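Residue strings, one per chain:
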Amino acid sequence: MPPRIPELKKVLKVLREKRESGGCDGGEGSCGPGNVYLVETGPGDSEVLTLKAVRVIQNADLLLYDRLVSNDVLELVGPDARLLYVGKTAGYHSRSQEEIHELLLSFAEAGATVVRLKGEDPLVFGRGGEEMDFLQNQGIQVKVIPGITAASGIAAELGIPLTHRGIANSVRFLTGHWRKGGTDPLFVAENAADPDSTLVVYMGLSTLPSLALKLMHHGLPSDTPAVAIERGTKPQQLLMFAELKDLADEISSAELVSPTLIVIGKVVALSLFWPHSSREASLLVEVK
């Protein structure tokens with residue numbers, strides 16, 4: 001299925017004509033497909049990009065990017081490259097996943113260097129695996145450029161070790177979002193209510209009230225330290241610290257919005273931002 005966007009149709013036509021003029025006409029001497037890179041941009045701060053990610057971004061012909069990619073990262077794109085926004089929010093998808101697959105495939109087959117630019121870590125509760133699987137089944141090799149996972153990057157910036165000897169001996173990533181018709185993601189609460197573990201919840205704003213109740217029902221102390229981080233590592237970052245029993249109400253009062261990461265566990269109290277007095281059990285911090 002060719003792209004529906006007129007400009008991209010023209011770009012695709014030029015790429016195909018260039019291939020054919022260079023002897024890539026589909027015969028015995030045909031050239032192979034272009035390179036497809038899945039580039040993880042990390043939690044948000046452009047300065048934590050890897051050197052390899054910067055090099056690939058600067059040399060791409062086409063970049064498909066989502067809503068979590070910052071403007072600072074987009075400024076690294078080469079002057080001749082084409083940018084296409086394919087971001088998704090709750091209830092609105094600028095492009096369906098099938099359209100994204102076909103765009104990646106069409107330009108790769110035309111010999112372009114294609115970058116799928118994804119915020120945070122697309123291999124953790126993202127669609128990166130689906131896109132890799134689709135392209136590989138079509139004979140297109142995908143090269144992954146690893147980035148910093150949001151959980152570790154955001155927590156590290158706040159001085160929160162996800163594991164700490166004598167405090168937390170494991171870490172668990174949870175999703176608060178599920179596919180339509182899929183299994184309720186909160187069913188894991190029974191096994192996740194471990195006071196010696198750290199929980200990191202992605203996409204959990206809407207389901208946090210239910211998750212917190214289930215965790216406490218299954219034995220996680222209600223005064224367990226927790227923090228919600230909106231737009232982590234970015235200049236607009238907001239932090240809401242609270243005990244588990246109060247976190248959902250405090251998030252609602254502060255009107256935090258997506259993307260917000262939630263960390264629950266005793267290690268949160270190791271952060272320098274954690275309130276030291278029990279009378280200051282909730283704290284909203286704006287980090288400049």
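Our subject in this report is the structure included herewith. Just so we're clear, the structure is a prediction, and the values are computed from it rather than from any experiment.

**Thoughts on the nonpolar core**
Considering soluble globular proteins, one finds that nonpolar side chains tend to be buried as a cluster.
And then number 1: Of all hydrophobic cores here, the largest spans 24 residues; its most connected members are Leu215, Ala228, Leu247, Ile251, Ile262 and Ile264.
And then number 2: If sequence neighbours within four positions are ignored, Ile262 has contacts with Leu199, Val200, Val201, Gly204, Leu208, Val227, Ala228, Leu247 and Ile251.
And then number 3: In terms of nonpolar packing, the next biggest core, distinct from the first, is built from 23 residues, Val36, Ala110, Val114 and Val142 among them.

**Brief notes about the packing of aromatic side chains**
And then number 1: Scanning the entire structure with this criterion turns up four aromatic pairs.
And then number 2: On the basis of an interplanar angle of 70° and a centroid distance of 6.0 Å, the ring pair of Phe241 and Trp274 is categorised as edge-to-face. Separated by 33 residues along the polypeptide, Phe241 in strand β11 (residues 238–243) and Trp274 in the loop between β12 (260–264) and β13 (283–286) bring together distant segments of the chain.
And then number 3: When its relative accessible area of 0% is taken as the criterion, Phe241 is described as buried.
And then number 4: Overall, the relative accessible area of 14% leaves Trp274 in the buried class.
And then number 5: Connected via pairs of aromatic rings, a cluster forms that spans Phe125, Phe173 and Tyr202.

**A short note on the pairing of β12**
And then number 1: Within β12, five of the five residues are buried, which leaves the element mostly enclosed by the surrounding structure.
And then number 2: Residue alternation in β12 divides its side chains into two sets, Thr260, Ile262 and Ile264 and Leu261 and Val263, and both sets are buried.
And then number 3: Sheet topology note: the strand β9 (residues 197–202)/β12 ladder contains three bridges and is antiparallel. Along β12, the bridge assignment pairs Leu199 with Ile264.
And then number 4: Sheet topology note: the strand β10 (residues 225–230)/β12 ladder contains five bridges and is antiparallel. Paired with Ala226 across the bridge in β12 is Ile264.

**With respect to the pattern of salt bridges**
And then number 1: For the structure shown, the criterion picks out seven salt bridges.
And then number 2: A salt bridge links Glu131 to Arg116, with the nearest nitrogen and oxygen atoms 3.1 Å apart. Here Glu131, found in helix α5 (residues 128–137), pairs with Arg116, found in strand β6 (residues 114–118); they are 15 residues apart in sequence, far enough to count as distant.
And then number 3: Overall, the relative accessible area of 3% leaves Glu131 in the buried class.
And then number 4: A residue is classified by how much of its surface remains accessible, and Arg116, at 3% relative accessible area, is buried.
And then number 5: With its nearest N and O atoms 3.7 Å apart, the salt bridge here joins Lys118 to Glu131. Remark: Glu131 occurs in helix α5 and Lys118 occurs in strand β6; sequence separation between them is 13 residues.
And then number 6: The class for Lys118 is buried, based on a relative accessible area of 7%.
And then number 7: Here the residues in one salt-bridge network are Arg116, Lys118 and Glu131, joined through shared partners.

**Topic: the environment of Ser222**
And then number 1: Within the secondary structure, Ser222 is located in the loop between α8 (208–217) and β10.
And then number 2: What makes Ser222 partly exposed here is its relative accessible area of 34%.
And then number 3: Along the primary structure Ser222 and Asp246 are separated by 24 residues, whereas in three dimensions their C-alpha atoms are 8.5 Å apart.
And then number 4: Excluding residues within four positions of it along the chain, Ser222 makes contact with Met216, Glu243, Leu244 and Lys245.

**Here we look at the packing of helix α4 (residues 97–109) against α5**
And then number 1: Interhelical geometry of α4 versus α5 gives an angle of 50° and a closest axis separation of 10 Å. Accordingly, the angle class assigned to the pair α4 and α5 is oblique. For the crossing formed where α4 meets α5, the hand is right-handed. Residues Gln97, Ile100, His101, Glu102, Leu104 and Leu105 of α4 form the contact with α5, whose own contacting residues are Glu130, Glu131, Phe134 and Leu135.

**Overview of the pairing of β9**
And then number 1: Counting buried positions over the six residues of β9 gives six, a clear majority of the element.
And then number 2: Here β9 shows a buried face lined by Ser197, Leu199 and Val201 and a second buried face lined by Thr198, Val200 and Tyr202.
And then number 3: Bridge count between strand β8 (residues 170–175) and β9: six bridges; the pairing is parallel. By the bridge assignment, Phe173 is partnered in β9 with Val200.

**Some words on the sheet that holds β6**
And then number 1: If you walk across this open sheet you meet the five strands as β3-β2-β6-β1-β7, and the pairing is parallel. Every interior strand has two partners, whereas the edge strands, β3 (82–85) and β7 (142–145), have only one. The mean angle between the axes of side-by-side strands here comes to 20°, regardless of whether they run parallel or antiparallel.
And then number 2: In this sheet, β7 lies alongside strand β1 (residues 36–40) in parallel orientation, the contact comprising four bridges. Paired with Val36 across the two strands is Val142, which belongs to β7.
And then number 3: The strands touched by helix α2 (residues 51–58) within the sheet are β1, β2 (62–65), β6 and β7, with β1 carrying the most contacts at an inclination of about 135°.
And then number 4: α4 contacts β1, β2, β3 and β6 of the sheet and is inclined by roughly 150° relative to β6.

Calculation notes
The numbers attached to residues start from 1 for each chain and follow its sequence in the written order. Two thresholds apply to this predicted model, a pLDDT of at least 70 for residue-level local features and 80 or more for giving and counting side-chain atom pairs, whereas whole-chain, interface and lining totals are computed over all residues. By convention in this description, side-chain values take in all heavy atoms of the structure and omit both hydrogens and water. Here, nonpolar core refers to any group of buried Ala, Val, Leu, Ile, Met, Phe, Trp, Tyr and Cys residues whose side-chain atoms link them within 4.5 Å. The buried label goes to any residue with under 20% of its type's maximum accessible area, the exposed label to any with over 50%, and the partly exposed label to all in between, with areas taken from a 1.4 Å probe on protein chains only. The criterion used for residue contact is that any of the two residues' heavy atoms lie within 4.5 Å. Side-chain rings of Phe, Tyr and Trp, where Trp is taken by its six-membered ring, are said to pair if the distance between their centres is within 6.5 Å; with planes under 30 degrees apart they count as stacked, over 60 as edge-to-face, and otherwise as tilted. Every helix listed is a DSSP run of H or I at least four residues long, and every strand listed is a run of E at least two residues long, numbered separately from the N terminus. When DSSP finds two or more bridges between two strands, those strands count as paired. Salt bridges, as used here, are contacts in which a Lys or Arg side-chain nitrogen is within 4 Å of a carboxyl oxygen on Asp or Glu. Whenever a helix is involved, its axis is fitted only over the stretch in contact; in every case the axis is a line through C-alpha atoms, and angles between N-to-C directions fall within 0 to 180 degrees. Throughout, the term roughly parallel applies to angles under 35 degrees, roughly antiparallel to angles over 145, roughly perpendicular to angles from 65 to 115, and oblique to all others. Here a crossing is called left-handed whenever its near helix is offset anticlockwise from the far helix by less than a right angle, and right-handed whenever the offset is clockwise.

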